[in-house]
Amino acid sequence: MVMNKMTKVFDCIIIGSGVVGSSIAYHLSERKKYEILLIDKSYPLSGTSGSTQAWVWVHSKTPNWYGELSMYSAELYAYLEKKIGDFEYKRTGGIAPFYNEGDRDKALKLAEEQGKVGIKIDVLTRDEVLEKEPAVSPKIAGATFSKWDGNLNPFRLVELYIRAAKKNGVQCSFYNRVTSIKKVRGIFHVETEQGVFQGNNVILAGGPWSKELGKMLGVYIPVRQVRGQILITEPLKPFLKYTIGGVRQTDNGEVLIGYSKEEVGYDRRTTLDVMQQTARMAIDLVPALAKANIVRAFSGIRVIPEDGLPIFGEIPGIKGAYIAVMHSGITLSAIVGTLMTELLIDGETSLDISRYSLKRFSNLPNRKI
Amino acid sequence: MEADVLIVGAGPAGISAALTAEKFGAKVILIDESFSPGGQLRQQTQYFSNLPTGYAPDIGLKVIETLIKHLYASSVQVYTNHTMIGAYKNGMIGVTDGNKTFPILARANILAPGAQEEAKIFPGWTLPGVMTAGAAQILINRESVLPGKRAVMIGTNNFAFTVAKQLHDCGVTIEAFIEEKSQITCSDGILRDELKHVPVWTESTVQIAQGTGQVERVSVHTPEGRKEIDVDLICISNGFTPILEPFVIMDCELTYKKHLGGWVPLYNEKLQTTNPSCFIAGNAAGITDLGPILLTGEIAAISALEEIGILNSEEAEIERRKRWLELEKLENTAVCQARKNLIASSRSRQSPLTKSK
Amino acid sequence: MQIHIHPVLGEKFTEEVTFYFNNKPLKAKKGQTVAAALMANGIRNLGTSRKFLQPRGLYCATGRCMSCFVTINGVEHVLSCMTLVDEGMKVFPSNEDPDPGSEINGS
């Protein structure tokens, strides 16, 4: 990148070009007010956003205000697709099966709670599930169902965010690791492998790497890294209509399967132990998958905030420093990009985001940074 | 299943490694995804004289026949139709026979999956009748089937000429060689001479291959203009590149070395990869000539046995050095340079090679 | 076309088997792969590509390129270059994506 690194001061430097960082870059750039720099230690989709099943999942996100946030994001995707291009967003409807009749009460309670914020959930009997999705095993007892759930193609989404952002003048610096962040006379000096960049604002959007980025600002980011391993079948004739617990079929016919959660740091290996277990669970739910060839397995390192809920907003105590880190980046990128843009440029947001602030962790016992 | 050493790939490198490890007293399991051992040497009918001590010069498939005879006379457990498909959490390699998937517990692994031919892409390259030179060679020499009657060969490297000559001897008319570069790249004068009746179109590229259901003709862009000929076989010889999946599964670091065929696992002078339990041999290491391929199998076996304590370091070092000296005499210069380069770059890292996470 | 007498190897295969392609009986030599046995019978078109519906055949012959998929004895997507032909084998071209709902699919 050719620019005078020392004298130029960006309005905003975003660190991390996954689905969250690139969404914020795009949404900010739409206002045509900021000079924006997007930095990534590698390239877009090399990390978590490129190794996901890419659900846009709403209905079982609790508490219901978190479900509500997810629903708004799903709503925005439909419009976003018209602006930045086709990223294969499909609101397929989502089926979350349960195996014991005893779980029906829980399902009904979920439907009641989510109903209060406008997320309509049907609690289905086994026969109703099988009628909707004949490939599901009759072993299930029932399921919760909502039309709000769906999925998208994360490769297209991130690529389209970045393409649109670049068109709006966002500058990108990829394959460039940030090594330190210092605040000098109100300006952030972001040191990278390729020199120092200056910015009035800085947004940490490092996903599973957020903890390291937080350390650079002296802030503890309470997140865990969780490895998820995903199996992909060869392309099959379309036979699954819905996004179902752990399983979905892509436009191209492959079925993505994933259930696992392992805390193994940044280790992105796949293991046969988990692959075999994953396959067994999938066959249990969708018996016809027993006939499918698995052509590939990959793993992604997910990030999970300690209380499971998204963290975004200004970092308490450091003016101009922001964070956006969450487990469900694919579900939430549209709404988080929108709200972060309002926060930075308008100074206020159309939804109250205070419950997503990092502040909620401040009464935790002192953390080692 | 348990063994001291698991070897993945029963081509010349893998078999050589298996026999060496067995000779030094190791319990060895050798697996291959094909229905028979021998790898790509099973269809080499050309003569090899540049072989290590102990090998009689012969045509490739006789060399491997002899090795396979030794293999089955040894205590090595050979499993054909078995594919490595993953690794378990504890580092064990997982293998499938198409029905069952199971672990093989070995104290060291030698990965010798070989190399694959690079594609060459032009409109129509996916038509039946367009195939790699290696595929055509398999058909005539291993399968006793003629892949066509009239052919063009894309590429003029040694392998292109070798296969063209063998096709010609089976009665296939070679209409032309098509070469992008300004001259033939084949370094074997005798081979070139034997095929001097075949026109070589240099600075030429295939524009399109056409046909209904299969290839019927090819249009070539040449400096003299467009040439079109009727053919039913188009062979592509565009060089080889190491097969990497087993190394990726085992989390071995890769590096790019053009003269070793592109991306290749990083290894040291012990032929140890960045995963200390995994050693590399043969074509996968970017080694191309048969003699050196056989020797890398031996070196990898010696290092694997050193790693697990069957050989002590002094013995291992002596045995290794002997073979590296011999290997260098048999190796072509470009590969030798690139290989030394790669080993030197691994030396600058911590020893033993471990991947920084 | 079969090479009956190879210039270097002479007569390599002796035993003959019968197999079926699209239900038509064909002769092959025991020891040959399915892809080679089909080619020996003049059949090079083994399937249809899924997107542009173009013909596909043997390309690498080493089990890597997936261009030679066929259906063998009811099992879809079998590599014909890595599978030995057998007496009575029923082979069909690979013309569409496997159907997980279909009963002919193997185990």
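Keep in mind that this is a model prediction, so the values were computed, not measured. (Residues numbered from 1 in each chain as written. Chains lettered and ligands numbered in written order. Predicted model: local features only at pLDDT ≥ 70, side-chain atom pairs only at ≥ 80, totals over all residues. Heavy atoms only, no water.)

A. Summary view of the nonpolar core. Residue and element names in this part refer to chain B. Among the nonpolar cores identified, the biggest contains 74 residues, and Ile15, Ile110 and Tyr267 are the most heavily contacted of them. If you tally residues by element for this core, the top one is helix H7 (residues 290-307), at 10 residues. Excluding anything up to four places from it in sequence, Ile110 contacts Val5, Leu6, Ile7, Val8, Ala17, Phe279, Ala281, Ala300, Ala301 and Ala304. (Core = buried A, V, L, I, M, F, W, Y, C linked by side-chain atoms within 4.5 Å. Buried < 20%, exposed > 50% of the residue type's maximum accessible area, 1.4 Å probe, protein only. Helix = DSSP H or I, 4+ residues; strand = E, 2+ residues; numbered from the N terminus. Contact = heavy atoms within 4.5 Å.)

B. Region of interest: the state of the cysteines. Tallied over the full model, the rule gives zero disulfides over all chains. The thiol sulfur of Cys12 of chain A is not disulfide-bonded, and the nearest other cysteine sulfur, from Cys172 of chain A, lies at 13 Å. We classify Cys12 of chain A as buried; its relative accessible area is 0%. Of all cysteine sulfurs in the structure, the one in Cys278 of chain B sits closest to Cys252 of chain B, which takes part in no disulfide; the separation is 4.7 Å. Residue Cys252 of chain B is classed as buried on the basis of its relative accessible area of 5%. (Disulfide = S-S within 2.5 Å.)

C. Highlighting the pattern of salt bridges. Residues and elements named next belong to chain B. Applying the stated criterion to the full structure yields 43 salt bridges over all chains. With a shortest N-O distance of 3.3 Å, Lys322 and Glu319 are connected by a salt bridge. Here Lys322 and its partner Glu319 are both found in helix H8 (residues 313-330), three residues apart, which amounts to about one turn of the helix. Classification of Glu319 by relative accessible area gives buried; the value is 17%. (Salt bridge = Lys/Arg side-chain N within 4 Å of Asp/Glu carboxyl O.)

D. Geometry of the domain arrangement of chain B. All names here are of chain B. Along its sequence, chain B is carved into domain 1 (2-116 + 240-347) and domain 2 (119-236). A C-alpha centroid distance of 31 Å is found between domain 1 and domain 2. Taken residue by residue, the interface counts nine residues in domain 1 and eight residues in domain 2. Interface area for domain 1 against domain 2, summed over the two sides, is near 680 Å², with a carbon-plus-sulfur share of 54%. Summed over the shared surface of domain 1 and domain 2, the result is zero salt bridges. Here the side of domain 1 that touches domain 2 is composed, by residue class, of three nonpolar, five polar and one charged. (Domains from an automatic or database assignment. Buried area = accessible area lost by both parts, 1.4 Å probe. Nonpolar A, V, L, I, M, F, W, Y, C, P; charged D, E, K, R; others polar.)

E. Spatial organisation of the interface of chain A and chain C. In this assembly, nine residues from chain A lie in contact with 13 residues from chain C. For the pairing of chain A and chain C, the buried interface totals around 970 Å² over both sides, and the portion due to carbon and sulfur atoms is 49%. Three residues, Pro235, Lys237 and Lys291 of chain A, lead the burial of chain A against chain C; their summed loss comes to 59% of the area buried on that side. Viewed at the interface, chain C and chain A are joined by one salt bridge. Glu96 of chain C serves as the salt-bridge partner of Lys237 of chain A, at 3.4 Å between the closest nitrogen and oxygen. The tally of links between chain A and chain C comes to five residue pairs in polar contact (both at pLDDT 80 or more). Residues that form the side of chain A that touches chain C fall into these classes: four nonpolar, two polar and three charged. (Polar contact = N/O pair within 3.5 Å; in protein donor to acceptor, adjacent residues only side chain to side chain.)

F. Summary view of the interface of chain C and chain B. If you look at the interface, chain C gives 30 residues, while chain B gives 40 residues. Linking chain C with chain B are one salt bridge, by the criterion used here. At the boundary of chain C and chain B, one finds 14 residue pairs in polar contact (both at pLDDT 80 or more). For the side of chain C that touches chain B, the secondary structure elements donating two or more residues are helix H1 (34-40) and strand S4 (55-56) of chain C. No other element matches H1 of chain C, which puts three residues into the side of chain C that touches chain B. Counted by class, the side of chain C that touches chain B contains 17 nonpolar, nine polar and four charged residues.

G. Just the sheet that holds strand S6 (residues 75-79) of chain C, in detail. Residue and element names in this part refer to chain C. Strands sit in the order S2-S1-S7-S5-S6 across an open sheet of five strands; the sheet is mixed. Sheet topology places strand S2 (24-29) and S6 at the edges, where each strand pairs with a single neighbour. Within this sheet the neighbouring strands show an average axis-to-axis angle of 40°, counted without direction. With two bridges connecting them, strand S1 (residues 16-21) and strand S7 (residues 90-93) associate as parallel partners. Bridge pairing in S7 links Tyr20 to Lys90. (Pairing = 2+ DSSP bridges. Axes fitted to C-alpha atoms, helices over the stretch in contact; angles between N-to-C directions.)

H. Representation of helix H3 (residues 133-142) of chain B in the model. Residues and elements named next belong to chain B. Within H3, 10 of the 10 residues are buried, which leaves the element mostly enclosed by the surrounding structure. Residues of H3 that are buried include every one of Ala133, Gly134, Ala135, Ala136, Gln137, Ile138, Leu139, Ile140, Asn141 and Arg142, and no others. One or two steps after H3, the chain reaches Ser144, where phi turns positive at roughly 55°.

I. Quick peek at the domain arrangement of chain A. Residues and elements named next belong to chain A. For chain A, the assigned domains read domain 1 (9-50 + 155-222 + 309-361) and domain 2 (223-305). If you average the C-alpha positions of domain 1 and of domain 2, the two centres end up 29 Å apart. Contact residues are listed per partner, giving 16 residues for domain 1 and nine residues for domain 2. The junction of domain 1 with domain 2 conceals about 1100 Å² of combined surface from both sides, 57% of it contributed by carbon and sulfur atoms. When residues of domain 1 are sorted by the area they lose upon contact with domain 2, Thr48, Pro208 and His327 head the list and together hold 41% of the total. Run the count over domain 1 and domain 2 and you get zero salt bridges. Seen at the junction of domain 1 and domain 2, the total is seven residue pairs in polar contact (both at pLDDT 80 or more). For the side of domain 1 that touches domain 2, the leading source of residues is helix H6 (residues 210-216), giving three residues. Residue composition of the side of domain 1 that touches domain 2, by class: eight nonpolar, six polar and two charged.

J. Local environment of the environment of Glu128 of chain A. Note on placement: Glu128 of chain A falls in helix H4 (residues 126-132). Spatially, the C-alpha atom of Glu128 of chain A lies 7.9 Å from that of Gly142 of chain A, the residues being 14 residues apart in sequence.

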